[in-house]
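Close look at the chain arrangement
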Amino acid sequence: MSGARILFPDFRDEQSASKYPFIDSATLTSEDGAVTFEPDTFIDASFYAINSGAHIYVSSVIVGAQKITLVIGDEDNDNIASTSFEPNPVRSPENGALNLVDGYGRPAGTLVTNEENLVLFAGWPVGTYRFTQEATEFVATTSIPAQESGVRGVLTGDDRLTTGDLWLIGDAGVVIRHEGEENGKQIVRVDVVGVPLFNRFLCTPFERFTPKNFVKTINNCPPDEYGNFTLTATNFEVDDTVLRITNKDGIIFIDAIGRKVV
Amino acid sequence: MPRPGFYNDNEYRAYPFIFKPGQANLLPYTAVVDCGVIMGLDSEFDVSQHVVWLNSVRRIGNSFKFDLQTNAPGAENLPLVFSRAIDAEEWQSEYIESAPYVKDANSCAVEPAWSGFLVTGPLNELLELLPQDGEISLEENFVLEPARIQSLVKSYLRSITVGNMSRPMARSACDNTNDGARAVIINARCIAGDIRFKEGYNAQINQLNSANEINITAATDAGQRPDGDLCENGSEIPFYPDEIPPAGSQFLSGGPACDELVSSINGVQGPEITIAGGTGVVVRADAETPNTITIALSENNISGNC
């Protein structure tokens, strides 16, 4: 029936006929005028990149032979999140959701589309297409503020991000302990004391450490407090033995003395 | 002519769920007019793999239960169950939180694995489908629109657990005990709130506010100065309050102390000590009895000094 109007079109059908989630004034055309989004390229969107600002938009589209990347920016940063998909053939998740992630791989939002709409990009020549904020700005309702309050994560020297539950583990002579609470603050103490058995520590993993056996006792007798072990010929109160143990020039001599009876 | 509102629109379409042919025969669109969820830190939710769906609607007595389900690993066994009186007015909303997802004994989870809200519309059509106790199983016919989901996966640092790798332990050459893989000895779990790093022995901590950076390094005599306690303990620090040395040792790493070893005999110090036989005495160290010194009277003993 010509001119028929569906009173309650389904959500995705309704948005396909409008520029949503782009703002009504978006031109959808790249800076160089080479390419243009269709009004129905995206059906819905949701952005929650951590520390993102206002006026979120598609800042660039990088078209490669094997991968197409959509880059999202805001008023302060032209790359707050991105998502990629394969162009030939177009592959997107079954539910049409393109997963946006930030530079650390954290979820940053969702662009809802479908494979039929993504075919548009397969027709774009290989290259990088930049867009102005005015051209591709999204409506404000798609943005969920996610301020960078508190500690969002910890970066190591090689820029690896840890989130969730962080384990700080001491090793190789570094000892990390919780010292309780002080003035409402949890105290984590770090000591650097080395490894007493450093040779074993270094060599055992390579099977190059030979355990040592030290002399602690002789005939179950330990040394004195200075580590000295005393050999005596007999009880110190007895003087009728022929044995003599003497120390001459650093050599311990054991002698038998006396005269032969004939 | 007044335009219908957002909820009015949704009474007559699948939203907030993805449209699927035939789904309206299972559940009237009027029942649910809006819904949204937040997937928590531990939910392991990935929008390209996981979905959220209305799994079933049950009637129990005078209330309806709406079961929201997900296949995200950290939340799949923790459905969100929304309750609504059968005579509830339209546009009522309810916010529900699941229990935390405790993956293992090391989990520090205290917040819900996921949470969400659900807004119901007029329930008279649903009441006709469920005039008495029963259940409508929807399976995965009512999948939530992906843009109605916010993921908090990887979004913040929740806690710090501190510990140390187990010590290398002293063993004798005859001890065949295998050291095995070194284990983590936990000192304190799930520390949260304001945290202060404190310099201990030889530790130097620098905080660079401009770069949002904390640098922890070793420097001789930095932090707490080495003291008598550290010296007496052989420079060892207990990994946990009640740590005690192994049997037969005064050190946490095991092994003897210097004054427990024989370092000299009759005042003659090592590393090489010679024991020699004098008049009438023979000191032997032969190959037949290794590691043994034999001290005996000589065969022609008592022959000298006649």
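Residues numbered from 1 in each chain as written. Chains lettered and ligands numbered in written order. Predicted model: local features only at pLDDT ≥ 70, side-chain atom pairs only at ≥ 80, totals over all residues.

With that out of the way, let us pick up the overall build of chain A. Looking only at helices and strands, chain A has four helices and 16 strands in total. Since a compact globule built from 262 residues should have a radius of gyration of about 18 Å, the 40 Å found for chain A marks it as more spread out than a globular shape. Residues counted as buried form 32% of the 262 residues belonging to chain A. In chain A, once contacts between residues fewer than 6 apart in sequence are set aside, the share between residues at least 24 apart is 47%. (Helix = DSSP H or I, 4+ residues; strand = E, 2+ residues; numbered from the N terminus. Rg over C-alpha atoms; globule rule 2.2 N^0.38 Å. Buried ≥ 20, exposed ≤ 12 C-beta atoms within 10 Å, placed from the backbone. Contact = placed C-beta atoms within 7 Å.)

Looking only at helices and strands, one finds three helices and 18 strands in chain B. A compact globule built from 306 residues would reach a C-alpha radius of gyration of about 19 Å, whereas chain B, at 38 Å, exceeds it by more than 25%. A sequence separation of at least 24 residues applies to 56% of the contacts in chain B between residues at least 6 apart.

This brings us to the domain arrangement of chain B. When the parts of a complex come together, some accessible area is lost, and that lost area is often used as the size of the interface. Per the domain assignment, the segments making up chain B are domain 1 (6-151), domain 2 (160-195 + 202-259) and domain 3 (262-306). A C-alpha centroid distance of 50 Å is found between domain 1 of chain B and domain 2 of chain B. (Domains from an automatic or database assignment.)

What follows covers the nonpolar core. Counting residues in hydrophobic clusters, the biggest one holds 76 residues, and the most contacted among them are A:A49, A:I72, B:M39 and B:F66. Tallying contributions element by element places strand β1 (residues 32-39) of chain B first for this core, with five residues. Those residues in contact with B:M39, other than ones at most four positions away along the chain, are B:F45, B:A72, B:A75, B:W114, B:I149, B:S151, B:L152 and B:V153. With 14 residues, the next largest nonpolar core counts A:L168, A:V188, A:V192 and B:V162 among its residues. (Core = buried A, V, L, I, M, F, W, Y, C linked by C-beta atoms within 7 Å.)

Attention shifts here to the sheet that holds strand β15 (residues 268-269) of chain B. Pairing between the strands of a sheet is mediated by backbone hydrogen bonds and can be parallel or antiparallel. On the basis of which strands lie adjacent, the open sheet formed by three strands has the order β14(A)-β14(B)-β15(B) and mixed pairing. Sheet topology places β14 (228-229) of chain A together with β15 of chain B at the edges, where each strand pairs with a single neighbour. Across two bridges, β14(A) lies against strand β14 (residues 264-265) of chain B in parallel orientation. Opposite A:F229, over in β14(B), you have B:I265 as the bridge partner. (Pairing = 2+ DSSP bridges.)

What follows covers the interface of chain B and chain A. Taken together, the contacts link 93 residues of chain B with 83 residues of chain A. Here the side of chain B that touches chain A is built from residues that sort into 50 nonpolar, 28 polar and 15 charged. Bridging between strand β11 (residues 164-170) of chain A and strand β9 (residues 157-165) of chain B involves seven bridges; their strand directions are parallel. Bridge assignment links A:I169 to a residue of β9(B), and that residue is B:G163. (Nonpolar A, V, L, I, M, F, W, Y, C, P; charged D, E, K, R; others polar.)

A word on the pairing of strand β13 (residues 185-192) of chain A. With respect to burial, β13(A) is a largely interior element, six of its eight residues being buried. Strand direction decides the pairing type here: strand β12 (residues 174-182) of chain A and β13(A), joined by seven bridges, are antiparallel. Bridge pairing links A:R177 to A:R189 in β13(A). Direction of pairing for β13(A) relative to strand β11 (residues 195-199) of chain B: parallel, over a ladder of five bridges. Bridge pairing in β11(B) places A:I187 opposite B:R196.

Here six bridges tie strand β15 (residues 243-248) of chain A to strand β16 (residues 251-256) of chain A, and the two strands are oriented antiparallel to one another. Residue pairing across strands places A:K248 opposite A:I251, the latter belonging to β16(A). Counting the residues between successive antiparallel strands, the hairpin from β15(A) to β16(A) contains two residues, one of them, A:D249, with a positive phi of roughly 50°. Where β16(A) and strand β16 (residues 274-277) of chain B come together, four bridges link them in parallel fashion. If you follow A:I251 over to β16(B), its bridge partner there is B:T274.

Before going further, it helps to examine the sheet that holds β13(A). Taking strand neighbours across the sheet as the criterion, the three strands line up as β12(A)-β13(A)-β11(B) in an open arrangement whose pairing is mixed. Lying at the two open borders of the sheet, with one neighbouring strand each, are β12 of chain A together with β11 of chain B. Averaged over all adjacent pairs, the angle separating strand axes in this sheet is 25°, with direction ignored. (Axes fitted to C-alpha atoms, helices over the stretch in contact; angles between N-to-C directions.)

Residues and elements named next belong to chain B. Residues with a pLDDT of 70 or more make up 93% of chain B, whose mean pLDDT is 87. Confidence over residues 302-306 falls short of pLDDT 50; this stretch has 10 contacts with residues more than four positions distant or in other chains. In the predicted complex, the global pTM is 0.79; the interface-specific ipTM is 0.79. (pLDDT = per-residue confidence, 0-100.)

All right, on to the environment of A:R244 then. All names here are of chain A. On the secondary structure map, R244 appears in strand β15. Along the sequence, R244 and A233 sit 11 residues apart, while their C-alpha atoms lie 5.9 Å from each other. Excluding anything up to four places from it in sequence, R244 contacts A233, D255 and I257.

Glycine aside, residues mostly have negative phi, and peptide bonds are mostly found in the trans state. Residues and elements named next belong to chain A. Going from Y20 to P21, the amide bond is cis rather than trans, its omega being 10°. You can see P21 is positioned in the loop between α1 (11-16) and β1 (44-47). Positive phi outside glycine occurs at A172, with the angle close to 55°. Turning to its location among the elements, A172 is positioned in the loop between β11 and β12. Even without being glycine, N183 reaches a positive phi, approximately 55°. As for its position among the elements, N183 is in the loop between β12 and β13. Using a count of 7 C-beta atoms within 10 Å as the deciding quantity, one classes N183 as exposed.

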